[in-house]
Amino acid sequence: MRVIALGVNGAFSTGQYQKAIPTDKLRTLLADAKGKNPDVLLHQLDKLEEAVYQPAWQSNFLLEFDMPNKRGKKGEPYRLLVDCGCDARHALAGTGLSFADLDGVYISHPHSDHIGGLEGFALTTIFNPFYTAKKKEWLGDKFIIDRLIPYDESPFPPSFAKPDLFVHPKVLVELRTALQPGLDTMQGVPFVKLETYFNIVPIGRNAEGVRVTYEFHDRERTWKMTPVFAMHVVSASEEMPSYGISLEDSDGKFVLFPTDTQHMMPPQLAALYRRAEVIYMDCETSPFPSGVHPHVSDLIERMEPEIQKKCFLYHYQGEPKVPDGMFKGVLKTGDVHEY
């Protein structure tokens, strides 16, 4: 399994603009610089400057499993996006990927920085006839809407024609409400639901009380994905949990993504943290703590040393200043870990 940090910053991070000169323009100028007055060259350099954006992507992770992907692309892994924030498509583009290169997504909770990119994911894949090899075969020479309207088989595309959506049943209820207005855009199709766009795979405790997990194959190993309950927000009238995920392989290795949480709420999370070998830990660095994420001061002052050493920190407003050797590391966008 590969873990790729597509973004590591807080929900509303934006990045910065800096002045830069494109290399092709600079080469042209230097090739013609011989014998020119230095002041003239400096003036020409100033005119070549352009504003270049250096983004600070939200916290999105990409997991890759060495198993057949549902897109039918040989030599490519199964790619699972962990949460899909508003800027997910831009973060993916930074790695040379797009939504069309993904096989599935896991959603932890329905905040914008975790679901704001789902509408784009849904629409760009449903209208892409080549999203999977089997989808093209199923469509034939028909447009997707023309294929759905007759109801000759089902009101929804088959599972092989759309991405997988892994989600806890409780989150699924809120996800339907949040996404329905944006997804109800298929002209002439009378019955449009989340199932139109995604192959929904509920995981977690279902209505019958059965705890459902999911296994990904990874060469000779398997990774079992299990939702992990943690409290994120408690308002005056409602509470919102965030369902992180644990990934345990067939050799017993245990990797934990708590996603957005409050520090050790519920306290029983500590036992899970002690069991994990690696933890991707939400870390707020604002000078005015929001109370809905563990602040870096919580992690430094209140977290057990044995747990600290397992944590890769991410989701910060500014890079956290932490004592040397206290944590496993501070993530940067583009970091890749192999397990």
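Residues numbered from 1 in each chain as written. Predicted model: local features only at pLDDT ≥ 70, side-chain atom pairs only at ≥ 80, totals over all residues. Heavy atoms only, no water.

Visitor: Honestly, the overall build of the chain in this entry has me stumped. Any pointers?
Guide: Within the chain, the regular secondary structure consists of twelve helices and 18 strands. Within the chain, contacts between residues separated by at least 24 positions form 62% of all contacts whose residues are at least 6 apart in sequence. Charge centroids of the chain, computed over 36 positive and 45 negative side chains, lie 4 Å from each other. (Helix = DSSP H or I, 4+ residues; strand = E, 2+ residues; numbered from the N terminus. Contact = heavy atoms within 4.5 Å. Lys, Arg positive; Asp, Glu negative; His and termini not counted. Charge placed at Lys NZ, Arg CZ, Asp CG, Glu CD.)

Visitor: Would you mind going over empty space enclosed by the protein with me for this structure?
Guide: Under the criterion given, the structure shown has one cavity of 30 Å³ or more. Reported here for the largest cavity is a volume of approximately 50 Å³. Forming the boundary of the largest cavity are Ser 59, Phe 61, Val 82, Asp 83, His 114, Phe 257, Thr 259, Asp 260 and Tyr 314. Across the lining of the largest cavity, the residue classes tally to four nonpolar, three polar and two charged. (1 Å grid on protein atoms, 1.4 Å probe; cavity = no way out; pocket = protein on both sides within 12 Å on 5 of 7 lines; lining within 4 Å. Points joined across faces, edges and corners; volume = space filled by probe spheres on them. Nonpolar A, V, L, I, M, F, W, Y, C, P; charged D, E, K, R; others polar.)

Visitor: Sorry, what's going on with the layout of surface pockets here?
Guide: Space left empty within the atom packing is revealed by a probe, the size of a water molecule, rolled over the atoms. When its volume is computed, the largest pocket comes out at roughly 220 Å³. In this structure, the largest pocket is lined by 14 residues; those nearest its centre are Gly 10, Ala 11, Phe 12, His 293 and His 315. For the lining of the largest pocket, a count of residues per class yields two nonpolar, eight polar and four charged.

Visitor: Sorry if this is basic, but what is going on with the sheet that holds strand S14 (residues 254-257) here?
Guide: Whenever strands of a sheet pair, they do so through backbone hydrogen bonds, lying parallel or antiparallel. Spatially, seven strands are ordered S11-S12-S13-S14-S15-S16-S17 in an open sheet, and the strand pairing comes out mixed. Both outer strands of the open sheet, strand S11 (214-218) and strand S17 (329-330), are each paired with one neighbouring strand and no more. Bridge analysis of S14 against strand S15 (residues 278-282) gives two bridges, and the strand direction is parallel. Each residue of the ladder has a partner; that of Leu 256, found in S15, is Ile 279. (Pairing = 2+ DSSP bridges.)

Visitor: Where do I start with the sheet that holds strand S6 (residues 104-107) in this structure?
Guide: Strands sit in the order S8-S7-S6-S5-S4-S1-S18 across an open sheet of seven strands; the sheet is mixed. Of all the strands in the sheet, the pair left with one neighbour each is strand S8 (199-202) and strand S18 (336-338). Averaged over all pairs of adjacent strands, the angle between their axes in this sheet comes to 20 degrees, without regard to strand direction. Examined bridge by bridge, strand S4 (residues 60-65) and strand S5 (residues 78-82) share five bridges and lie antiparallel to one another. When the bridges of S5 are listed, Leu 62 appears paired with Leu 81. Across the face of the sheet, helix H8 (residues 169-183) comes into contact with S6, strand S7 (164-167) and S8 while running at roughly 120 degrees to S7. (Axes fitted to C-alpha atoms, helices over the stretch in contact; angles between N-to-C directions.)

Visitor: Would you take a moment to explain the nonpolar core for this structure?
Guide: One recurring pattern in soluble globular proteins is that nonpolar side chains are buried together. Within the largest apolar cluster, 69 residues are counted, with the highest numbers of intra-cluster contacts made by Phe 65, Ile 107, Leu 118, Phe 198 and Tyr 280. Sorting elements by how many residues they give to this core places H8 first, with five residues. What Leu 118 contacts, discounting residues up to four positions off in sequence, is Cys 84, Val 105, Ile 107, Leu 175, Leu 179 and Phe 198. With 20 residues, the next largest nonpolar core counts Val 228, Leu 256, Met 281 and Met 326 among its residues. (Core = buried A, V, L, I, M, F, W, Y, C linked by side-chain atoms within 4.5 Å. Buried < 20%, exposed > 50% of the residue type's maximum accessible area, 1.4 Å probe, protein only.)

Visitor: Is there a simple way to explain the packing of aromatic side chains in this structure?
Guide: The way to describe two aromatic rings as a pair is by their centre distance and the angle between their planes. Scanning all chains against the criterion turns up 16 aromatic pairs. Judged by centre distance (5.7 Å) and plane angle (80 degrees), the rings of Phe 121 and Phe 198 are edge-to-face. Taken together, the residues Phe 121 in helix H5 (residues 118-126) and Phe 198 in the loop between helix H9 (194-197) and S8 connect sequence positions 77 residues apart. Among the aromatic residues, those joined into a cluster by ring pairs are Phe 61, Phe 257, Tyr 280, Phe 312 and Tyr 314. (Phe/Tyr/Trp six-rings, centres within 6.5 Å; stacked < 30°, edge-to-face > 60°.)

Visitor: Mind showing me how you'd approach the state of the cysteines here?
Guide: Applying the stated criterion across every chain, the model contains zero disulfides. As a non-bridged cysteine, Cys 311 has Cys 283 as the owner of its nearest cysteine sulfur, 9.4 Å distant. (Disulfide = S-S within 2.5 Å.)

Visitor: I keep staring at the side chain of Gln 262 and nothing clicks. Help me out?
Guide: Mapping Gln 262 onto the fold places it in the loop between S14 and helix H10 (269-275). Within the local environment of Gln 262, its side chain forms a polar contact with the backbone oxygen of His 232, the two atoms lying 3.0 Å apart. Sequence-distant contacts of Gln 262, defined by excluding residues within four places in its chain, comprise Met 231, His 232, Val 233, Val 234, Gly 291, Val 292, His 293 and Pro 294. (Polar contact = N/O pair within 3.5 Å; in protein donor to acceptor, adjacent residues only side chain to side chain.)

Visitor: Whenever I open this one, the side chain of Thr 261 confuses me. Can you help?
Guide: Its place among the elements puts Thr 261 in the loop between S14 and H10. If we ignore the near neighbours within four places in the chain, the residues touching Thr 261 are Ala 230, Met 231, His 232, Tyr 273, Met 281, Asp 282, Val 292, His 293 and Pro 294.

Visitor: It is not clear to me how H5 should be interpreted in this structure. Could you clarify?
Guide: Spacing of three or four residues puts side chains on the same side of an α-helix, whose turn is 3.6 residues. Among all positions in H5, only Leu 118, Phe 121, Ala 122, Thr 125 and Ile 126 are buried. Seen from one end, H5 has its buried residues packed into an arc of 110 degrees, which puts them on one side. Against S6, helix H4 (112-115), helix H6 (133-139), helix H7 (144-148), H8 and H9 lie the buried residues of H5. (Arc of directions from axis to C-beta.)

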